Amino acid sequence: MSKQVIEYGGEAVGVVVPDQDRLKFLAVKYHVWDLDAQRFRSVDEARAAIGRLLSAQGGRNLINRTPGIAAA
(Lines give C-alpha, C1' and ligand atoms only; values in the text may rest on other atoms or scores of the structure.)
Protein backbone atom coordinates (compact mmCIF):
# COMPACT_ATOMS: atom_id res chain seq x y z
CA MET A 1 0.00 0.00 0.00
CA SER A 2 1.20 3.47 -0.80
CA LYS A 3 0.09 6.67 0.86
CA GLN A 4 -3.59 7.58 0.82
CA VAL A 5 -5.23 10.94 1.27
CA ILE A 6 -7.91 10.96 3.96
CA GLU A 7 -10.87 13.21 3.26
CA TYR A 8 -13.60 14.25 5.65
CA GLY A 9 -16.58 16.06 4.23
CA GLY A 10 -14.90 16.35 0.86
CA GLU A 11 -11.86 18.10 2.28
CA ALA A 12 -8.41 16.52 2.64
CA VAL A 13 -7.51 16.45 6.33
CA GLY A 14 -4.45 14.20 6.23
CA VAL A 15 -2.66 11.26 4.69
CA VAL A 16 -1.81 7.79 5.92
CA VAL A 17 1.53 6.27 5.04
CA PRO A 18 2.79 2.74 5.72
CA ASP A 19 4.80 2.60 8.95
CA GLN A 20 6.02 -0.86 9.92
CA ASP A 21 2.86 -2.95 10.35
CA ARG A 22 0.47 0.03 10.66
CA LEU A 23 -0.56 3.23 8.92
CA LYS A 24 0.75 6.52 10.27
CA PHE A 25 -1.61 9.50 10.04
CA LEU A 26 -0.09 12.82 9.02
CA ALA A 27 -2.45 15.72 9.61
CA VAL A 28 -2.69 18.51 7.05
CA LYS A 29 -5.50 20.45 8.76
CA TYR A 30 -5.26 22.03 12.18
CA HIS A 31 -8.56 20.63 13.48
CA VAL A 32 -7.20 17.06 13.28
CA TRP A 33 -3.71 17.90 14.54
CA ASP A 34 -4.27 15.86 17.72
CA LEU A 35 -4.13 12.72 15.56
CA ASP A 36 -0.87 13.63 13.84
CA ALA A 37 1.68 10.78 13.90
CA GLN A 38 -0.77 8.31 15.43
CA ARG A 39 -0.70 4.82 13.96
CA PHE A 40 -3.80 2.90 12.87
CA ARG A 41 -4.51 -0.63 11.66
CA SER A 42 -6.60 0.57 8.71
CA VAL A 43 -7.86 3.61 6.84
CA ASP A 44 -11.31 3.00 8.32
CA GLU A 45 -9.85 3.10 11.83
CA ALA A 46 -8.18 6.45 11.03
CA ARG A 47 -11.43 7.87 9.64
CA ALA A 48 -13.33 6.71 12.74
CA ALA A 49 -10.76 8.47 14.94
CA ILE A 50 -11.22 11.66 12.91
CA GLY A 51 -14.99 11.46 13.38
CA ARG A 52 -14.62 10.92 17.15
CA LEU A 53 -12.15 13.79 17.45
CA LEU A 54 -14.34 16.25 15.57
CA SER A 55 -17.39 15.11 17.50
CA ALA A 56 -15.56 15.70 20.79
CA GLN A 57 -14.70 19.19 19.55
CA GLY A 58 -18.41 19.96 19.48
CA GLY A 59 -19.07 19.52 15.79
CA ARG A 60 -16.58 22.16 14.81
CA ASN A 61 -15.66 22.49 11.14
CA LEU A 62 -16.51 19.38 9.13
CA ILE A 63 -18.33 17.08 11.55
CA ASN A 64 -21.68 17.00 9.79
CA ARG A 65 -20.25 15.83 6.51
CA THR A 66 -19.63 12.30 5.32
CA PRO A 67 -16.09 10.92 5.70
CA GLY A 68 -14.36 9.62 2.59
CA ILE A 69 -11.08 8.50 1.14
CA ALA A 70 -9.20 9.33 -2.02
CA ALA A 71 -6.19 7.55 -3.45
CA ALA A 72 -2.99 9.52 -3.77
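Residues numbered from 1 in each chain as written. Predicted model: local features only at pLDDT ≥ 70, side-chain atom pairs only at ≥ 80, totals over all residues. Heavy atoms only, no water.

(A) Seen up close, the overall build of the chain. Helix and strand content of the chain: one helix and five strands. If you list the helices and strands of the chain from N to C, you get β-β-β-β-α-β. The contacts of the chain with a sequence gap of at least 6 include a subset with a gap of at least 24, amounting to 33%. Summed over its atoms, the accessible surface of the chain is roughly 4,200 Å², and 46% of this surface lies on carbon and sulfur atoms. (Helix = DSSP H or I, 4+ residues; strand = E, 2+ residues; numbered from the N terminus. Contact = heavy atoms within 4.5 Å. Areas by Shrake-Rupley, 256 points an atom, 1.4 Å probe, with all protein chains shown as cover.)

(B) Main features of the nonpolar core. Ranked by internal contacts, the top residues of the largest apolar core, which has 16 residues, are Ile6, Val13, Val16, Phe25, Val32, Leu35 and Ile50. Contributing elements (two or more residues each) for this core: strand 1 (4-8), strand 2 (11-19), strand 3 (22-27) and helix 1 (43-56). Among the elements that line this core, the one with the most residues is helix 1, at six residues. If near-sequence neighbours (up to four positions away) are discounted, Leu35 is found in contact with Phe25, Ala49, Ile50 and Leu53. (Core = buried A, V, L, I, M, F, W, Y, C linked by side-chain atoms within 4.5 Å. Buried < 20%, exposed > 50% of the residue type's maximum accessible area, 1.4 Å probe, protein only.)

(C) Unusual backbone geometry, seen in detail. Unusually for a residue other than glycine, Gln20 sits at a positive phi of about 55 degrees. Along the chain, Gln20 turns up in the loop between strand 2 and strand 3. Judged by its relative accessible area of 71%, Gln20 is exposed. Positive phi is not limited to glycine here, since Ala37 has a value of about 75 degrees.

(D) Expanded view of the pairing of strand 1. Judged by which residues are buried, strand 1 turns out to be one-sided: Gln4, Ile6 and Tyr8 face inward and are buried, whereas Val5 and Glu7, on the alternate face, are not. Judged from the five bridges that link them, strand 1 and strand 2 form a sheet pairing that is antiparallel. Residue pairing in the sheet places Glu7 in a bridge with Ala12 of strand 2. (Pairing = 2+ DSSP bridges.)

(E) Expanded view of the pattern of salt bridges. Scanning all chains against the criterion turns up five salt bridges. Between Lys29 and Glu11 there is a salt bridge; the shortest N-O distance is 3.1 Å. Remark: Glu11 occurs in strand 2 and Lys29 occurs in the loop between strand 3 and strand 4 (39-40); sequence separation between them is 18 residues. By relative accessible area, Glu11 is classed as partly exposed at 26%. One salt bridge in this structure joins Asp19 and Arg39, with 3.0 Å as the shortest N-O distance. Here the residue Asp19 occupies a position in strand 2, and Arg39 occupies one in strand 4, the gap between them amounting to 20 residues. Of the residues examined, Asp19 reaches a relative accessible area of 22% and is grouped as partly exposed. A residue is classified by how much of its surface remains accessible, and Arg39, at 34% relative accessible area, is partly exposed. What you see here is one network of salt bridges that share partners, running through Asp19, Asp21 and Arg39. (Salt bridge = Lys/Arg side-chain N within 4 Å of Asp/Glu carboxyl O.)

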